[in-house]
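Below, each chain spelled out in residue letters.
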Amino acid sequence: MTNFDPRIINSNPRPAGVPVLAGAAVILIVILLWASIAYVPPGSAGVLTSFGRVTGEILPEGTHFVSPFKINHVLTVRTQTQEEHTSTPSKEGLNLEMDTSLIFHLSSEKVSNLYQTLGPEYASKIIDPNLRSIIRDTTAGHAANDLYSKERKQVEDEIMQGLKNALEPRGIVIENVLLRDIQLPHALRAAIETKQQAEQESLAMSFRLQKERQEADRKRIEAQGIHDFQAIVAQGISPQLLQWKGIEATENLAKSPNSKIIIIGNTKNGLPLVMSQ
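Residues numbered from 1 in each chain as written. Predicted model: local features only at pLDDT ≥ 70, side-chain atom pairs only at ≥ 80, totals over all residues. Heavy atoms only, no water.

(A) Representation of the sheet that holds strand E7 (residues 95-106) within the structure. Read from one edge of the open sheet, 3 strands run E6-E7-E8, paired in antiparallel fashion. The open sheet terminates on both sides in strands that have one partner only, identified here as strand E6 (80-89) and strand E8 (172-183). Shown here is a sheet whose adjacent strand axes are inclined to one another by a mean of 25°, direction ignored. Pairing between E7 and E8: 10 bridges, direction antiparallel. The residue of E8 that forms the bridge with Met98 is Ile182. Contacting E6, E7 and E8, helix H3 (residues 122-139) crosses the sheet at an angle of about 40° to E6. (Pairing = 2+ DSSP bridges. Helix = DSSP H or I, 4+ residues; strand = E, 2+ residues; numbered from the N terminus. Axes fitted to C-alpha atoms, helices over the stretch in contact; angles between N-to-C directions. Contact = heavy atoms within 4.5 Å.)

Below is the structure:
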């Protein structure tokens, strides 16, 4: 008869590898869930690729659930500034040193194509070369003096239009172009400043001459008015009127209570002279 050993349990135990497999499955699920979360920060757009191929899907800012086999590439669509220092010729062949600022942003609708054709290094691949080339082409059609006059804005507009034609079909939207600093050859800069100073002095002289002419016209009108007044008064004064006014004045003086000496005139129409004593 076989003796029963109570330490022996008749139930079937789980295989030792089952907990390991379960833990690995849980870890795999967590990894897949984590890989399925695509986060796009504010002011950005996400471009999805799958096994090295751009899918064409564009994710707006926020958190998204995507296939764990897709990779999210984030590109900013905020306004950016690209600064460029160029040595460029003018229409006369003079060498100009220019500092230019390009203000732009990426089109959120075209970031997928931009990433596919240019990648994240789009600035060095397409913006820099086009900016330098268009600046040179534009300044070569303008005199150096234009950059110091009101035509400077026209030069900026021409550069901006050239960049729009070259870059906006690729998904780069041009906002503005600013010519921040322009360094001309010293001799030319001195000549331009001298010319501008002479123009200002000429304008000041013209203003003074105009003012003097106006003053001369005023005095001429004033003199003419005095002359006209005297002519009108002279027409109304006659010897009889003067004699009558003298008689009136003599009578008024004679009526005063003060002592006086009256001297009779020595001519036919001579008026008396009244002198107080």
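(B) The arrangement of the side chain of Thr138 in detail. In this fold, Thr138 is placed in helix H3. We classify Thr138 as buried; its relative accessible area is 9%. There is a polar contact of 2.8 Å between the side chain of Thr138 and the backbone oxygen of Ile134. Once you skip the residues sitting within four places of it in the chain, Thr138 turns out to touch Val155, Glu158 and Ile159. (Buried < 20%, exposed > 50% of the residue type's maximum accessible area, 1.4 Å probe, protein only. Polar contact = N/O pair within 3.5 Å; in protein donor to acceptor, adjacent residues only side chain to side chain.)

(C) Here's a closer look at the pattern of salt bridges. With the rule as written, the count across this model stands at 8 salt bridges. Glu57 is the salt-bridge partner of Lys70, the closest N and O atoms lying 2.5 Å from each other. One end of the pair, Lys70, is in strand E5 (residues 70-76); the other, Glu57, is in strand E3 (residues 53-59), and 13 residues separate them in sequence. Between Arg218 and Glu222 there is a salt bridge, and its shortest N-O distance comes to 3.4 Å. Of this pair, Arg218 and Glu222 both sit in helix H5 (residues 186-236), separated by 4 residues, roughly a single helical turn. On the basis of relative accessible area, Arg218 is assigned to the partly exposed category, the value being 42%. One connected set of salt bridges, linked through shared partners, spans Glu215, Arg218 and Glu222. (Salt bridge = Lys/Arg side-chain N within 4 Å of Asp/Glu carboxyl O.)

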